[in-house]
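In case you want the letters, here they are:
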Amino acid sequence: MAEYSTYGSVAVLQVNNPPLNTFTRHVLQALVSGLERAQRDPAVRSIVIAGKGPTFPAGADLEELLGTAAAPLLSNLRMVDKHVDTCQKPIVCAIHGTALGGGFELALASHYRLAVPSATLSLPEVHLGMLPGAGGTQRLPRVVGVKSAIQLITSGQDIKAQQALTLGLVDKIVQGDLLKEAVSFARSVEGRPLEDRRISQRTVPDADKVDEVVEATRKTILRKARGAIAPLTCVQAIQASVLPFAAGMAREADLMTYLMTSWQAAAQQYVFFSEREVRQWSHPRDKHINFRTAKPTVIKSVGVVGAGTMGAGITISLLQAGLKVVLLEVNKKQLDKAIAVIQKTLRQKSASQKMSQLTTTMDYSQLSDVDMVIEAVFENLRLKKEVFRKLDVITKPQAVLASNTSGLDIDKIAAATKRPDKVVGTHFFSPANVMRLLENIYGKKTSAETVATVMQLATTIGKVGVLVGNCAGFVGNRMLGPYRSEALFLLEEGVDPQDVDRAIEEFGFPMGPFRMTDLAGNDIGWRRRIEARLTTEHGPPPDTPALYRRGDRYCPLPDMLCLQGRLGQKTGAGCMMLQEAKDDLTENIYIRFRTDGSVFDLRRLLAHTKTLEELILDLLFADDCALLAHTEAALMSHHAPSMCNRYDPGSRTALPDPVVLQMIQDYRQEHGFKKRTISSQEIVERCLYSLINEGFHVLDEGIASRALDIDVIYLFGYGWPRHTGGPMYYVERVIGLEKLLRSLETYSARYPNHSHLQPSPLLRDMVAKGGSLAALGTTDSKL
Ligand SMILES: CCCCCCC[C@H](O)CC(=O)SCCNC(=O)CCNC(=O)[C@H](O)C(C)(C)COP(=O)([O-])OP(=O)([O-])OC[C@H]1O[C@@H](n2cnc3c(N)ncnc32)[C@H](O)[C@@H]1OP(=O)([O-])[O-]
């Protein structure tokens, strides 16, 4: 647990609790015993604390901290802290790997800190809804000042060894053998006075400015926290660091107790474990096929078909993970742009050597030898089937063929091949090299081995892979459908787009539904609706009632926006208007290519491009192109679509556009909707409860096997606020299933033709029988 040895006058305590050397109560007890022994032994004049194996302690053991062993764990943690801080012999911490949370706090309580260059330190408790409660909020500001401490603790960010040295958090970077160096360092400081080495005895360098600093950062923290209580509570604790140390520690303990007993901490800890638990997948339809029984194929090389935004992002992810990639694109210009983007991104990440792993081609035969192909062409079933037909002929028979689709039928794509068992969906989220979620979709014939292969791929490339079944929109986009519909119905009844967005953003989402579609592109959903024959490129299908499709209520407002060319941020036109937007920006959008300075009118370009989607993707992707407002635009105003939201080039700040508000008002009048005042609570409930209700359908149909799979999809792919634990956790633990059912009953009685408000049979059943979502399909849950 903590191995004791001596090297002459130096006692070495090595924490040995593999794999992360986390602090359990027994480890801490062993540390206390070791420290007492070293203090008692007159031959020992200094002490080194280190981690055995791959890392310095990564903090308190969460299973103990969050379980029944919390009290003895905390009491032992305090005992270690006291022993270290008051020890009359110098204590040197030798840091390698990751010194996190309580591990880093132990190091801060010690007198000296040495680290290897690759070491990382951090106080990540805020991500678990807690604060660094073993003196972290009191000692860190005494070294780096209140301002930096607020930044480091409220972000929980990693501090690399070199940065730690600059900040004064470590005393020396050790290049050679850490333990050997630490022993000789300890020997060199024996007998020196320790008072100025005790961080607890120092004063905070910017103590006189604490209120000023807190005031200045509060607004930013509030904005970033989006309803999470931990960041602001961390600030309160840091504020107390200007008090005498004992008083500050007492304040830290009180605030830690407050956080630890909050529902948000429980939610964030659930997220931590769920992120890891999704790796322990099992097939929703056959539990015998799971992460233990199914063996993945080894993937060393991947072909990516399509070098648009998604294809380039996927390629970057694969290269960063050290895989060989063959990127295929039939359009030379597009391919060149992709190469430039990939090069630039990898260079920014100082990973230019990874470019040598990339082959680019316009020739399908180059894919003959890859282990797997990820197709990332336009979201068009016909096109995807054509690509798969080709891939089936060209690639080796054992190669896995994956489609990056956001909702098309995997079985139909698989049917275009003679190897449906090797066909699977891999739904990446944009930007694919940044977003952590990978929604993996199995088809009727996808083999266990293929499923295991894409789940393994997710881990290899640092994504959170979630296995789901095949249905329109899969899990994420399918659940988003009712949410968007309800947001639109709210517009009909009287709220404006910005009211809906504000209510959802106050709940904790980074973006409300309208700003989100503006960002993603209003035309994406429009194309999908056209393909599903819910609308056409010219307006509603003939002989169709304006507000109904196939018996369901339908709001045509987004189609109307698209018909008027209001496609979202990428065209500078969306659902809200920018503060900085000049009047003439409303008229036209111009594109200037940085390479030769040539300027094009976007709408003229559109006229010469096969599809709008192609052009948009092309432009979005273009490294050498900038959208800009042009005063001459006014000259061509007769071409210009009026915009729903307007976005200044380079800015994302949106303001309501009077043109759109007028359009909505006219629409209400035309269809006899009476405007009424709608509360934020109703907005949030109707949008989110309809989304969650769809989640129950998804579980009922076996599209997702566990509620936590849905939560992880929403947390990592859709910006669901982390401190609420995800949609299914939130509704079960915070709202209550019964309350959800009653609310849905009320709303569905009021809106009988909004089918997504009809409570799902599974929800009814669970409320009737007192069932629990956590128990559904979950066998290994740690919570
Ligand atoms: C008055 C009150 C006073 C309170 C005092 C509080 C003191 C202190 O401030 C509290 C803390 O230290 S809070 C703690 C602060 N520390 C943190 O928050 C550290 C959180 N951990 C991490 O950031 C990452 O896990 C690492 C970077 C450590 C490793 O990353 P990686 O190499 O990619 O590996 P991986 O896949 O991530 O994990 C592998 C396995 O380890 C498991 N596990 C992990 N940490 C655990 C823990 N602490 N414990 C137990 N288990 C932990 C993880 O679940 C997984 O299990 P599975 O069964 O295999 O699925």
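Since this is a predicted model, take the numbers as computed values, not measurements. Once a new chain begins, its residue numbering starts again from 1 and follows that chain's sequence as written. Residue-level local features of this predicted model are given only where pLDDT is at least 70; pairs of side-chain atoms are given and counted only at 80 or more, and the full residue set underlies all totals for whole chains, interfaces and linings. As a rule here, side-chain values come from all non-hydrogen atoms in the structure, and water together with hydrogens is ignored.

Draft legend 1. Layout of the overall build of the protein chain. The way it works is that DSSP assigns letters per residue, a run of H or I at least four long becomes a helix, a run of E at least two long becomes a strand, and they are numbered from the N terminus. Within the protein chain, the secondary structure is distributed over 29 helices and 28 strands. Counting only residues that meet the buried cut, the protein chain has 58% of its 783 residues in that class. What makes two residues a contact is simply this: any of their non-hydrogen atoms within 4.5 Å. Long-range pairs, those at least 24 residues apart, make up 74% of the contacts in the protein chain with a sequence separation of at least 6. Here's how the labels work: a residue is buried when its accessible area is under 20% of the maximum for its type, exposed when over 50%, partly exposed in between, all with a 1.4 Å probe on protein chains only.

Draft legend 2. Examining the environment of A265 more closely. Tracing the backbone shows A265 in helix 11 (residues 263–277). Using a relative accessible area of 0% as the deciding quantity, one classes A265 as buried. Sequence separation between A265 and I504 is 239 residues; the distance between their C-alpha atoms is 21 Å. If we skip the residues at most four places from it in the chain, A265 touches L128, G129, L259 and M260.

Draft legend 3. Spatial organisation of unusual backbone geometry. Residues P18 and P19 are joined by a peptide bond in cis, for which omega reads 5°. Assignment of secondary structure puts P19 in the loop between strand 2 (10–15) and helix 1 (25–40). Along the chain, S430 connects to P431 via a cis peptide bond; the corresponding omega equals -5°. Although it is not a glycine, R226 sits at a positive phi angle of roughly 45°.

Draft legend 4. Structural detail: the pattern of salt bridges. When a carboxyl oxygen of Asp or Glu lies within 4 Å of a side-chain nitrogen of Lys or Arg, that pair is called a salt bridge. Going through the model one piece at a time under the given rule, you end up with 37 salt bridges. We note a salt bridge from E682 to R686, for which the minimum N-O separation is 2.8 Å. Taken together, the residues span about one helical turn, with E682 and R686 both in helix 25 (residues 680–700) at a distance of four residues. The two residues E682 and R686 agree in class, both being buried. Connected through shared salt-bridge partners, E486, E493, R676, E682, R686 and R750 make up one network.

Draft legend 5. Region of the structure containing the domain arrangement of the protein chain. What the domain assignment reports for the protein chain is domain 1 (2–252), domain 2 (282–376 + 388–468) and domain 3 (511–656). Where a domain begins and ends is set by an automatic assignment or by a domain database. Distance from the C-alpha centre of domain 1 to the C-alpha centre of domain 2: 42 Å.

Draft legend 6. Structural view of the sheet that holds strand 7 (residues 120–122). Criterion used throughout: strands pair if DSSP finds at least two bridges between them. Spatially, three strands are ordered 5-7-8 in an open sheet, and the strand pairing comes out mixed. Of all the strands in the sheet, just strand 5 (98–100) and strand 8 (159–160) have a single pairing partner and so form its edges. Bridging between strand 7 and strand 8 involves two bridges; their strand directions are antiparallel. Across the sheet, L121 pairs through a bridge with I159, a residue of strand 8. Each of strand 5, strand 7 and strand 8 is contacted by helix 4 (residues 102–109), which is oriented at about 85° to strand 5, the strand it contacts most. Note on method: axes are straight lines fitted to C-alpha atoms, helices fitted across the in-contact stretch only, with angles between N-to-C directions ranging 0 to 180 degrees.

Draft legend 7. Representation of the environment of Q269 within the structure. Assignment of secondary structure puts Q269 in helix 11. Among the residues examined, Q269 registers a relative accessible area of 8% and is labelled buried. Separated by 144 residues in sequence, Q269 and E125 have C-alpha atoms that sit 9.9 Å apart. Here L128 takes part through its backbone oxygen, which lies 3.1 Å from a polar atom of the side chain of Q269. The definition of a polar contact used here is a pair of N or O atoms within 3.5 Å, where within protein one atom must be able to donate a hydrogen and the other to accept one, and adjacent residues in sequence count solely through side-chain atom pairs.

Draft legend 8. Representation of the nonpolar core within the structure. As used here, the term nonpolar core means buried Ala, Val, Leu, Ile, Met, Phe, Trp, Tyr and Cys residues forming a set that is joined through side-chain atoms within 4.5 Å. Formed by 95 residues in total, the largest nonpolar core has its most connected members in V305, V475, V500, F696, W720 and L773. Examining the composition of this core, we find that 10 residues originate from one element, helix 25, more than from any other. Shared between two domains, this core holds at least three residues of each, these being domain 2 (282–376 + 388–468) and domain 3 (511–656). When neighbours within four sequence positions are excluded, W720 is seen to be in contact with F507, F509, L688, L691, I692, Y714, L715, G726, P727 and Y730.

Draft legend 9. Region of interest: the packing of aromatic side chains. The aromatic pairing rule takes the rings of Phe, Tyr and Trp, using the six-membered ring of Trp, and pairs them if the centres are within 6.5 Å, calling planes under 30 degrees apart stacked, those over 60 edge-to-face and the rest tilted. This model, assessed by the stated rule, comprises 14 aromatic pairs. Between F509 and W720, the aromatic rings sit 5.2 Å apart at their centres with planes inclined by 75°, giving edge-to-face as the arrangement. Here F509 is found in the loop between helix 18 (497–507) and helix 19 (513–520), whereas its partner W720 is found in the loop between helix 26 (707–717) and helix 27 (727–735), with 211 residues between them in sequence. Judged by its relative accessible area of 4%, F509 falls in the buried class. Members of the aromatic cluster, joined through ring pairs, are W263, F429, Y483, F507, F509, Y714, Y718, W720 and Y730. Criterion for a charge above a ring: Lys NZ or Arg CZ within 6 Å of the ring centre, and within 35 degrees of the ring normal. Seen from the ring of F272, R276 lies directly overhead, with NZ or CZ sitting 3.8 Å from the centre. Above the face of the Y548 ring, R553 is positioned so that its terminal group lies 6.0 Å from the ring centre.

Draft legend 10. Looking closely at the packing of helix 25 against helix 26. Packing of helix 25 against helix 26 brings their axes to within 10 Å, and their N-to-C directions diverge by 135°. Taken as axis vectors, helix 25 and helix 26 run oblique relative to one another. Where helix 25 crosses over helix 26, the two elements pack in a sense that is right-handed. Residues L691, G695, V698 and L699 of helix 25 form the contact with helix 26, whose participating residues are A707, I710 and Y714. Along the lines of polarity and charge, the residues of the contact of helix 25 with helix 26 split into six nonpolar, one polar and no charged. Reported orientations rely on four angle classes, namely roughly parallel under 35 degrees, roughly antiparallel over 145, roughly perpendicular from 65 to 115, and oblique for the rest. In this scheme the crossing of two helices becomes right-handed for a clockwise turn of the near helix relative to the far one and left-handed for an anticlockwise turn of less than a right angle. Polar here means any residue other than Ala, Val, Leu, Ile, Met, Phe, Trp, Tyr, Cys and Pro, which are nonpolar, and Asp, Glu, Lys and Arg, which are charged; Gly is therefore polar.

Draft legend 11. Representation of helix 27 in the model. In terms of burial, helix 27 is a largely internal element, seven of the nine residues being buried. Tucked into the core, helix 27 has its buried residues touching helix 11, helix 18, helix 25, helix 26 and helix 28 (737–750). Once helix 27 finishes, G736 follows within two positions and takes phi at roughly 100°, a positive value.

Draft legend 12. Just the pairing of strand 13 (residues 324–328), in detail. Among the five residues that make up strand 13, four are buried, leaving the element largely enclosed by the rest of the structure. Where strand 12 (residues 301–305) lies against strand 13, five bridges are found, and the strand directions are parallel. Across the sheet, V304 pairs through a bridge with L327, a residue of strand 13. With strands facing away from the observer, any crossover in which the path from the first strand over the helix to the second runs clockwise is taken as right-handed. Taking the sense of rotation as the criterion, the β-α-β connection linking strand 12, helix 12 (residues 309–320) and strand 13 turns out right-handed.

Draft legend 13. Structural context of the confidence of the model for the protein chain. Per residue, pLDDT measures the predictor's confidence, with a range of 0 to 100. Mean pLDDT over the protein chain stands at 87; residues scoring 70 or higher make up 88%. In this model residues 620–644 is a low-confidence stretch, pLDDT under 50, and it forms 83 contacts with partners more than four residues away in sequence or in other chains. Overall fold confidence (pTM) sits at 0.87, and the ipTM for the predicted complex is 0.96.

Draft legend 14. Up close: the sheet that holds strand 4 (residues 91–95). One open sheet holds the six strands; their spatial order is 1-2-3-4-6-9, and the pairing between them is mixed. Here the strands that pair on one side only, and so sit at the sheet edges, are strand 1 (2–7) and strand 9 (172–173). Pairing geometry for strand 6 (residues 112–115) and strand 9, over two bridges, is parallel. The residue of strand 9 that forms the bridge with L114 is K172. Along the sheet face, helix 1 touches strand 1, strand 2, strand 3 (46–51) and strand 4 and points at about 180° away from the line of strand 2.

Draft legend 15. Expanded view of the pairing of strand 12. Across the five residues of strand 12, five count as buried, placing the element largely inside the fold. Where strand 12 meets strand 15 (residues 372–375), four bridges bridge the pair, whose relative direction is parallel. Following the sheet pairing, V304 is matched in strand 15 by I374.

Draft legend 16. How the structure looks around the side chain of T453. Take T453: it is sitting in helix 16 (residues 448–460). Residues within four places of T453 in sequence aside, it is in contact with P296, T297, I299 and V400.

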